[in-house]
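# Per-entry structural report
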Amino acid sequence: MTANHSHYRTEEIQKRVDDYIGQFKEGYFSPLSLMARLSEETGELAREVNHYYGEKPKKTAEKEKTVEEELGDIIFVLTCFANSLDINLSEAFERSISKIETRDKDRWTHK
């Protein structure tokens, strides 16, 4: 574990989550439960974005959350999902970005 916790490599994220989940007999949730959790967290992110950038202000009694906190929650659940299925997030990202860079290289206006 590095001293600077604000800069993690994906391997470090996956290990830290695995170390945390590994403390408990229950282990990782099933893929279906993790999908539900991911959907739930995505909804919470949508709610925060709507409050900060949309037309729906927060009620005064509502707990203060941030877009950053909700993105962190999504990263945690996504990491649980990857770990539970033995998927390396770096490799998954590499496959995705390589496909996008090839498929969409001329889709947008270059600077």
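So, here's what we can say about the structure. Numbering of residues starts from 1 in every chain and runs along the sequence as written. With the structure being a predicted model, the display of local features is reserved for residues of pLDDT at least 70 and the display and counting of side-chain atom pairs for 80 or more, all residues being used for whole-chain, interface and lining totals. Excluding hydrogens and water, the side-chain figures rest on all heavy atoms present in the structure.

### Things to note about unusual backbone geometry
Residue Asp 86 is not a glycine yet carries a positive backbone phi of 55°. Within the secondary structure, Asp 86 sits in the loop between helix H3 (67-84) and helix H4 (89-103). In this scheme, a residue with accessible area under 20% of its type's maximum is buried, one over 50% is exposed, and one in between is partly exposed, where area comes from a 1.4 Å probe on protein chains only. For Asp 86, a relative accessible area of 72% corresponds to the exposed category. Strands here are runs of E lasting at least two residues and helices are runs of H or I lasting at least four, both read from the DSSP assignment and numbered beginning at the N terminus.

### So, the pattern of salt bridges
Here a salt bridge means any side-chain nitrogen of Lys or Arg lying within 4 Å of a carboxyl oxygen belonging to Asp or Glu. Tallied over the entire structure, the rule returns 7 salt bridges. With a shortest N-O distance of 3.1 Å, Arg 9 and Glu 11 are connected by a salt bridge. Ionic pairing is found between Asp 104 and Arg 107, a salt bridge with its closest N-O pair at 3.5 Å. Residue class for Asp 104 comes out buried when judged on its relative accessible area of 12%. What makes Arg 107 exposed here is its relative accessible area of 53%. A single network of salt bridges, built from pairs that share partners, joins Arg 9, Glu 11 and Glu 12.

### Quick look at the nonpolar core
Residues grouped as a nonpolar core are buried Ala, Val, Leu, Ile, Met, Phe, Trp, Tyr and Cys residues, joined through side-chain atoms within 4.5 Å. With 9 residues, the main nonpolar core is built from Val 17, Ile 21, Leu 34, Leu 38, Leu 45, Ile 74, Val 77, Cys 80 and Phe 81. Every element with two or more residues in this core is listed here: helix H1 (10-21), helix H2 (31-53) and H3. Of all the elements, H3 adds the most residues to this core, at 4 residues. We call two residues in contact whenever any of their non-hydrogen atoms come within 4.5 Å of each other. Apart from the residues lying within four places of it in its own chain, the contact partners of Cys 80 are Val 17, Ile 21, Tyr 28 and Leu 34.

### What to know about the layout of surface pockets
Cavity means a closed set of points on a 1 Å grid over the protein atoms alone, one where a 1.4 Å probe fits but cannot get out, pocket means an open set with protein on both sides within 12 Å along at least 5 of 7 lines, and lining means a residue has an atom within 4 Å of a point. Grid points are joined across faces, edges and corners, and a volume is the space filled by probe spheres set on the points. If you add up the space inside the largest pocket, you get close to 200 Å³. In terms of lining residues, the largest pocket is bounded by Tyr 8, Glu 12, Ile 13, Arg 16, Val 17, Ile 75, Phe 76 and Thr 79. When residues of the lining of the largest pocket are traced back to their parent elements, those giving at least two are H1 and H3. In terms of residue count, the dominant contributor to the lining of the largest pocket is H1 (4 residues). Residues of the lining of the largest pocket, tallied by class, amount to 5 nonpolar, 1 polar and 2 charged. Thr 10, Ile 13, Ile 75, Leu 78, Thr 79, Leu 89 and Phe 93 together form the lining of the second largest pocket. Of all the elements in the fold, those that place two or more residues in the lining of the second largest pocket are H1, H3 and H4. It is H3 that provides the largest number of residues to the lining of the second largest pocket, a total of 3 residues. Across the lining of the second largest pocket, the residue classes tally to 5 nonpolar, 2 polar and no charged. Put simply, Ala, Val, Leu, Ile, Met, Phe, Trp, Tyr, Cys and Pro go in the nonpolar bin, Asp, Glu, Lys and Arg in the charged bin, and everything else, Gly too, in the polar bin.

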